[in-house]
Amino acid sequence: MRNFALTKNKAAIFFAMTLLPSGFMYSQAKKDTVKQKNIEEVVLIGYGQQKKEAVTGSVASVSGKALKEVPAANITDALQGRAAGIDIGRTSTKPGASLQIRIRGARSLSGDNDPLVVLDGIPFAGSIGDISPNDIKSLDILKDASATAIYGSRGANGVILITTNRGTKGQKAKLSYNGFTGIQTLFSEYPLMDGPQFVALRKAANQYTNGTDEFDNINTNWQKLYYKPAMMTSHDVGLTGGSQGGNYSVGLAYFKQDALIPLQSYERLSFRTSVDQQLGERFKVGFTSNNNFATTNANGMSAAPILGYSPIIDPYTADGNFKRVVYSAIDQTWIYTRNGIENLGNKYVDKTRAFSSYNNFYGELSILNGLKYKLNVGLTYRTSNSGNYTGVGVFSTNDAAPSSAGIGNNQTYQWVLENLLTYDRTFGKHKINATALYSSEQTTFNSSYISAKNIPADSFQFYNLGQAPQTDITIDPNNQNYFKTGLISWMGRAMYTFDNKYMITATVRSDASSRLAPGNKWHTYPAVSLGWNITNESFMDNLKFINLLKLRAGIGQTSNQAVTPYSTLGRLSVVPYNFGNNGNNSYAVGNYVTLLPNPNLGWEFSNTQNYGVDFGFFNNRLTGTVEVYKTTTKDILLSKNLPSTSGVSSVVVNAGKSENKGIEFTLNGVIIENKDGFTWEAGVNVYANRNKILALNSGQLRDEGNQWFVGHSMNSIYDYQYMGLWQQGDPYLNILEPGGNVGMIKVLYTGEYNADGSPKRAIGPADRQIIETDPKWQGGFNTRLAYKNFDLSVVGAFQNGGVLISTIYGSAGYLNRLTGRGNNVDVDYWTPDNTDARYPKPGGIQSGDNPKYGSTLGYFDASYLKVRTITLGYSFEKDLLDNLKLSAAKIYFTVQNPFVMFSPYYKETGMDPEPNSRGNENQAVNSYQGRQLIIGTNNPTTRNYLMGINLTF
C-alpha cells in the first residue's frame with residue numbers, strides 16, 4: 001500500500017466557508033420573542049405515521065422534491081449524499097444501473113446486506129430501478145432496531161419506505177408535465193499512454209518489438225474511436241385531483257439513457273395510478289398500481305477491450321477502412337471501434353426486456369372513534385427475458401469462430417396479505433397509538449438459461465435456438481433455479497405520549513419462515529424507545545430561541561433473512577457414469593451430496609442501541625440531529641470445513657459475529673430568509689461508521705481466502721504494503737529480494753533481524769498486511785439560493801480517508817504491466833535518470849506478467865469532495881402564467897459531475913474517484929471480493945448537461 005499523505009480536513013473548511021459562513025442567520029421577517037411553531041413535518045414509521053417531533057426511533061426523511069434536484073434513472077442516484085448514515089456505493093456506470101445501498105454499514109459476511117424496500121406499504125420484491133424518481137412523494141429511512149423491529153426478520157439492514165404521489169381530497173384536476181433532455185459527455189478518458197510515451201516505455205522495458213501493424217510514428221487514440229457523446233431524456237405526465245369523497249392520480253413516464261460506448265442503452269416506460277374513495281362515513285377503499293417496462297441493450301458491451309490496445313497500431317487499411325484484426329508485439333486482436341460495432345447489424349444483439357407490476361389494494365373500516373381495521377393486499381409480478389447472439393467470427397481473431405446465442409427468463413410472483421388494527425386517541429394530556437398486525441406472504445421465483453452454438457443464420461439470432469445442432473445446445477443445471485418461500489407474522493406496537501413531553505414506543509413482532517426447519521421457524525423481535533421533549537418543560541419557557549430539544553434512546557432486535565431457501569434440507573447433485581448405456585447414449589446417473597442438511601440453521605440476529613438528540617433553533621430555521629449507535633450481529637452464516645471422511649467438504653452454520661458503531665450529524669439551516677427577495681438555505685450531513693468482525697467459525701481469527709480478520713473491518717484487504725522503490729546502494733536488497741533489481745517495488749518487511757541489523761529472511765507471504773479500506777468519515781451537502789424568480793441549487797458528497805482500489809493501476813487490470821506488451825496507464829516510472837518515481841522500472845522482476853507486488857500500486861487515498869449537481873432555474877411570473885392558462889412553470893439547466901476537489905486519485909489520474917464496479921468484475925483477473933467496490937474497466941464516468949421544464953396546468 002502506498003504511504004498515504006492523507007488530505008487534511010479541507011472539506012470541513014469548505015463547508016464552514018460556503019455553507020454556513022456566518023455565526024448568525026438573517027431574516028427579513030419581523031423578529032419574534034416567542035416560540036412560533038414546532039416541527040410539523042409528518043414522517044412514515046412503518047404501518048403508520050407520526051409528527052417528526054414525536055418520533056423516538058432513528059428516521060431520516062427525504063422529500064420527492066429534493067430527490068428531483070438530481071435528474072437520474074433511479075432513486076439511488078438521487079439519494080446519494082442526502083441522509084446521514086446512508087452509504088450509496090456505485091457498482092456500475094452503465095445506463096440505468098442502480099447503486100448499492102448500505103444503512104449504517106454491512107452486517108452479514110455471506111448474506112444479503114441490502115435494506116428492505118417498502119413501496120406504498122407493501123414489501124417490495126422487485127428492482128429499485130423499477131421505481132421512477134418522478135413518482136415519489138417522500139422517502140423515509142428507518143435506521144435503528146427500535147424503528148425497524150416492526151419488520152422483524154427483514155429489518156436488520158434498515159428499511160426504506162417509499163410513498164408515491166397521490167391526489168388530494170377536494171382538489172381540482174391538475175395536469176403536470178416534468179421533462180428534461182441533455183447530453184452526456186466524457187468526464188475523463190482512462191489515463192493511458194499516447195504513441196510517443198508508449199514507444200519510450202517499450203524501449204525502456206526492452207522486452208518486445210513492434211508487431212506487423214505497429215509503427216513508432218503512429219499515435220492512435222482508441223478511446224476517441226470508441227466513445228461518443230450520448231443523449232439522456234425523461235418525460236413525465238401526471239394528472240391528479242379529487243372530490244369530497246376521494247382522490248385520484250394517474251401518470252405516465254418515459255426515460256431513456258444511451259451510453260458513450262456503442263449500442264448500449266437503457267429505456268423505461270412507466271405507468272402509475274392510485275385511487276382513494278370514501279364509501280359512507282365508515283368505509284374507505286383504494287388501490288395503487290406501479291407498472292413499468294424496461295429494455296436494456298448491449299449490457300455486455302464494455303470499455304475494457306480497447307484500453308489495452310497499443311497506441312502505435314495503425315487501425316486503417318490502405319483504402320481507409322478499419323482493419324478487422326491487428327497484430328502487436330505477440331498479440332493478435334479483433335478491433336473494437338464504434339464504426340465496426342455499429343455496422344454489425346444482425347451479427348450482434350444483447351437485449352433484456354423486463355416487465356414489472358406492483359399493486360396494492362386496501363379497505364379501511366372505522367369501527368369506533370379512533371379504532372380502525374385495514375386490510376392490505378399486495379400483488380407483485382415481475383418477469384425478465386434476455387437474449388444474446390454473436391455471429392460467426394464476431395469479436396474473434398478467427399473469422400470462422402462459431403456463432404453463439406443464449407436466452408434467459410425469470411419470473412417473480414409475490415402476494416402479501418396484511419390485517420391491521422389501529423387505535424389512535426388523545427385523552428387530555430395522554431396520547432395513545434396502538435397497532436396490531438397479522439400478515440402472511442408468499443414469494444415464488446423461477447429462472448432458466450439455455451445456450452447454443454452454430455446458429456445457422458444471423459437472422460435467427462436468439463429467437464430459435466432449436467435450429468442449432470442438438471449437440472450444440474446446452475442446458476446447464478446450475479443455470480436453472482426455483483424457490484417458493486412463505487412468511488407468517490404478527491406484530492404489536494404501542495406509542496404513548498404524555499403532555500407532548502415524554503414518549504415511549506414498544507414493539508414486538510414474531511415471524512415464522514418456511515426457509516427454516518421445524519422447531520426453528522418462529523422467532524420474536526422486541527424493541528423499545530424513549531423520547532423526552534425538553535422544549536415543552538416549564539424551565540425552557542424563557543429560552544425563546546429553542547423550538548425543539550428532544551432526547552431519544554432505543555434498543556431492539558431485528559434479523560436478516562440470509563438463509564437460502566431449502567438450505568436446511570441439504571442438496572444433491574447428479575453425475576453421469578460411463579456405464580449403463582442401453583444403446584441410445586443413455587448412461588446411468590448417480591446422485592451425491594454437495595450440501596449437508598442443517599436443520600438448526602437460523603437467522604442472523606442484530607441487536608441495536610441508538611441514542612439521539614433533535615434540535616431546532618430560531619423558529620426552526622436551524623434544525624438538526626446528532627445520533628450515536630451500536631449494532632452487534634450474531635449467528636452470521638459461515639461455511640464450516642469438514643473432514644474428508646465425511647464425503648462433503650463443508651456445511652453452513654450460524655457462527656460469525658460482527659459489529660457496527662458510529663455517529664451521525666445532520667444540520668439544515670435557512671441562512672437568509674426573504675431579504676429583498678433573496679433566500680439562502682443550506683444543509684450538511686456527516687457520519688462515521690466503524691465496522692468490525694468479532695468472531696469467525698470455530699474460533700478462527702482469520703480467513704485469508706475470504707479476507708476476513710477478527711478485529712478488522714469486513715471490507716479489509718490482505719496484501720503487501722508499498723514502501724517505495726529499491727534504489728542503487730540500498731542495503732539488504734539481495735537478502736530481502738533474492739534476484740531482485742534496482743527500481744523494483746519495495747514492500748514492508750515484518751520479520752526478525754540479525755545482531756548486525758540485517759534481516760533474517762527474504763520477504764514472503766508472512767509480510768502481508770491487513771489494510772483497512774473504510775473511510776474515516778463521509779457525508780453530503782446541499783445548498784439553495786433564490787432571488788425573486790431565479791434559484792440555484794448545489795448537491796454534493798464527500799468522504800475523508802479510506803483506501804480506493806483502482807485495478808487499472810494494480811495487477812488485476814493488466815494495464816500497468818510496464819513491459820510494453822500492450823498499452824499502459826500513463827505513470828511516472830523509474831529510470832536511472834528518474835529515481836524518485838513512484839512506479840517501478842519497466843521490464844523489471846515480474847510476477848504473473850506484472851511487476852512483482854504490482855497490486856500495491858492500485859491503492860490510493862479515497863478522500864474526495866464531489867459536486868454532483870448544479871441546477872439553475874427560473875420560475876415564470878404569474879401574469880404570464882395566467883395568459884397561458886398555467887398555474888406554475890419553471891425551466892432549469894443542470895450540470896452533473898462538474899467538479900471534484902481534495903481527491904489525490906483525481907489529482908494524479910484525472911478520473912472520477914468514486915468506484916465503478918464490484919470487486920469481482922471489470923478486471924483481467926478477478927482479485928477482490930464481490931463485496932468490495934473498485935475502479936475497474938467499466939464505462940467511463942460522464943459529465944452531463946441537461947435542460948428541463950416543469951409545467952402545471
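Quick look at the structure, then. In this text the structure is predicted, and so the values were computed from the model without any measurement.

1. Description of helix H5 (residues 195–205)
Listing the buried residues of H5 in full gives Gly195, Phe198, Leu201, Arg202 and Ala205. Viewed end-on, H5 has its buried residues packed into an arc of 120 degrees, placing them on one side of the element. Turned more than 90 degrees away from the buried face of H5 sit Pro196 and Lys203, all of them exposed. Residue asparagine 206 follows H5 closely and has a positive phi angle near 55 degrees.

2. Digging into the environment of phenylalanine 293
Inspection of the secondary structure puts phenylalanine 293 in strand S15 (residues 283–297). With 39 residues separating them along the chain, phenylalanine 293 and tyrosine 254 place their C-alpha atoms 9.7 Å apart. Leaving out residues up to four positions away in the same chain, phenylalanine 293 has contacts with Glu267, Arg268, Leu269, Arg353, Ala354 and Phe355.

3. Looking at the packing of aromatic side chains
Scanning the model with the defined rule gives 32 aromatic pairs in all. On the numbers, 5.3 Å between centres and 90 degrees between planes, the contact of tyrosine 749 with tyrosine 753 is edge-to-face. When its relative accessible area of 9% is taken as the criterion, tyrosine 749 is described as buried. One aromatic cluster is present, formed by Trp334, Tyr336, Tyr348 and Phe395 through successive ring pairs. Taking the ring centre of tryptophan 726 as reference, the NZ or CZ of lysine 746 above it sits at 4.6 Å. The side chain of arginine 838 reaches across the aromatic face of phenylalanine 860, ending 5.6 Å from its centre.

4. Side note on the sheet that holds strand S9 (residues 136–142)
Spatially, S4-S9-S10-S7-S8 is the arrangement adopted by the 5 strands of the open sheet, whose pairing is mixed. Each edge of the sheet is formed by a strand with only one pairing partner; in this case those strands are strand S4 (59–63) and strand S8 (122–123).

5. A few points about the sheet that holds strand S47 (residues 917–918)
Through backbone hydrogen bonds, the strands of a sheet pair up, either in parallel or in antiparallel fashion. What the 4 strands build is an open sheet, ordered S44-S41-S48-S47; its pairing is mixed. The two strands at the open ends of the sheet, each matched to only one other strand, are strand S44 (859–861) and S47. Relative to strand S48 (residues 933–935), strand S41 (residues 803–806) runs parallel, the two being bridged by 2 bridges. Within S48, the position partnered with serine 806 by the bridge is isoleucine 935.

6. Observations concerning the pattern of salt bridges
Overall, the coordinates contain 40 salt bridges when judged by the stated rule. Between arginine 104 and glutamate 627 there is a salt bridge whose closest N-O contact spans 3.7 Å. One end of the pair, arginine 104, is in the loop between strand S6 (100–103) and strand S7 (116–119); the other, glutamate 627, is in strand S30 (residues 622–641), with 523 residues separating them in the sequence. The burial state of arginine 104 is the same as that of glutamate 627; both residues are buried. Put simply, glutamate 673 and arginine 621 hold a salt bridge, and the shortest N to O gap is 3.8 Å. Here glutamate 673, found in strand S31 (residues 650–675), pairs with arginine 621, found in the loop between strand S29 (604–617) and S30; they are 52 residues apart in sequence, far enough to count as distant.

7. Some remarks on the side chain of threonine 56
Relative to the helices and strands, threonine 56 resides in the loop between strand S3 (49–51) and S4. The buried category is assigned to threonine 56, whose relative accessible area is 3%. At 3.1 Å, the side chain of threonine 56 forms a polar contact with the side chain of threonine 505. At a separation of 2.6 Å, a polar atom in the side chain of threonine 56 contacts the side chain of serine 529.

8. Structural notes on a nonpolar patch on the surface
Nonpolar side chains collect at one region of the surface, where Leu175, Val237, Leu239, Val250, Leu252, Leu269, Phe271, Phe293, Phe355 and Phe953 lie side by side and expose about 800 Å² of accessible area between them. Breaking the nonpolar patch down by element, the ones donating at least two residues are strand S12 (230–243), strand S13 (246–258) and strand S14 (265–279). Using a relative accessible area of 43% as the deciding quantity, one classes leucine 269 as partly exposed.

9. Looking at the environment of asparagine 536
Position of asparagine 536 among the secondary structure elements: in the loop between strand S25 (522–533) and strand S26 (546–560). Overall, the relative accessible area of 28% leaves asparagine 536 in the partly exposed class. Distance in space between the C-alpha atoms of asparagine 536 and lysine 550 is 9.4 Å, their sequence separation being 14 residues. Among all residues touching asparagine 536, those that are not within four sequence positions of it are Asn500 and Lys501.

10. Focus on a negative patch on the surface
A cluster of acidic residues, Asp194, Asp826, Asp828 and Asp836, forms a negative patch at the surface. Summarising the element assignment, aspartate 194 is placed in the loop between strand S11 (174–186) and H5. For aspartate 194, a relative accessible area of 32% corresponds to the partly exposed category.

11. Considering unusual backbone geometry
A positive phi angle, close to 75 degrees, is found at tyrosine 566, a residue other than glycine. Counting through the fold element by element, tyrosine 566 comes out in the loop between S26 and strand S27 (571–576). In this model, aspartate 676 sits at a positive phi of 55 degrees, which is unusual for a non-glycine residue. By the secondary structure assignment, aspartate 676 is in the loop between S31 and strand S32 (678–695). Here aspartate 676 falls in the exposed class, since its relative accessible area comes to 55%.

Cut-offs used in this document
- Residues numbered from 1 in each chain as written.
- Predicted model: local features only at pLDDT ≥ 70, side-chain atom pairs only at ≥ 80, totals over all residues.
- Heavy atoms only, no water.
- Buried < 20%, exposed > 50% of the residue type's maximum accessible area, 1.4 Å probe, protein only.
- Helix = DSSP H or I, 4+ residues; strand = E, 2+ residues; numbered from the N terminus.
- Arc of directions from axis to C-beta.
- Contact = heavy atoms within 4.5 Å.
- Phe/Tyr/Trp six-rings, centres within 6.5 Å; stacked < 30°, edge-to-face > 60°.
- Lys NZ or Arg CZ within 6 Å of the ring centre and 35° of its normal.
- Pairing = 2+ DSSP bridges.
- Salt bridge = Lys/Arg side-chain N within 4 Å of Asp/Glu carboxyl O.
- Polar contact = N/O pair within 3.5 Å; in protein donor to acceptor, adjacent residues only side chain to side chain.
- Patch = residues over 30% accessible without salt bridge, like charges linked within 9 Å, V, L, I, M, F, W, Y side chains within 5 Å.
- Areas by Shrake-Rupley, 256 points an atom, 1.4 Å probe, with all protein chains shown as cover.
- Lys, Arg positive; Asp, Glu negative; His and termini not counted.
- Charge placed at Lys NZ, Arg CZ, Asp CG, Glu CD.

By themselves, these figures tell us nothing about what the structure is for.
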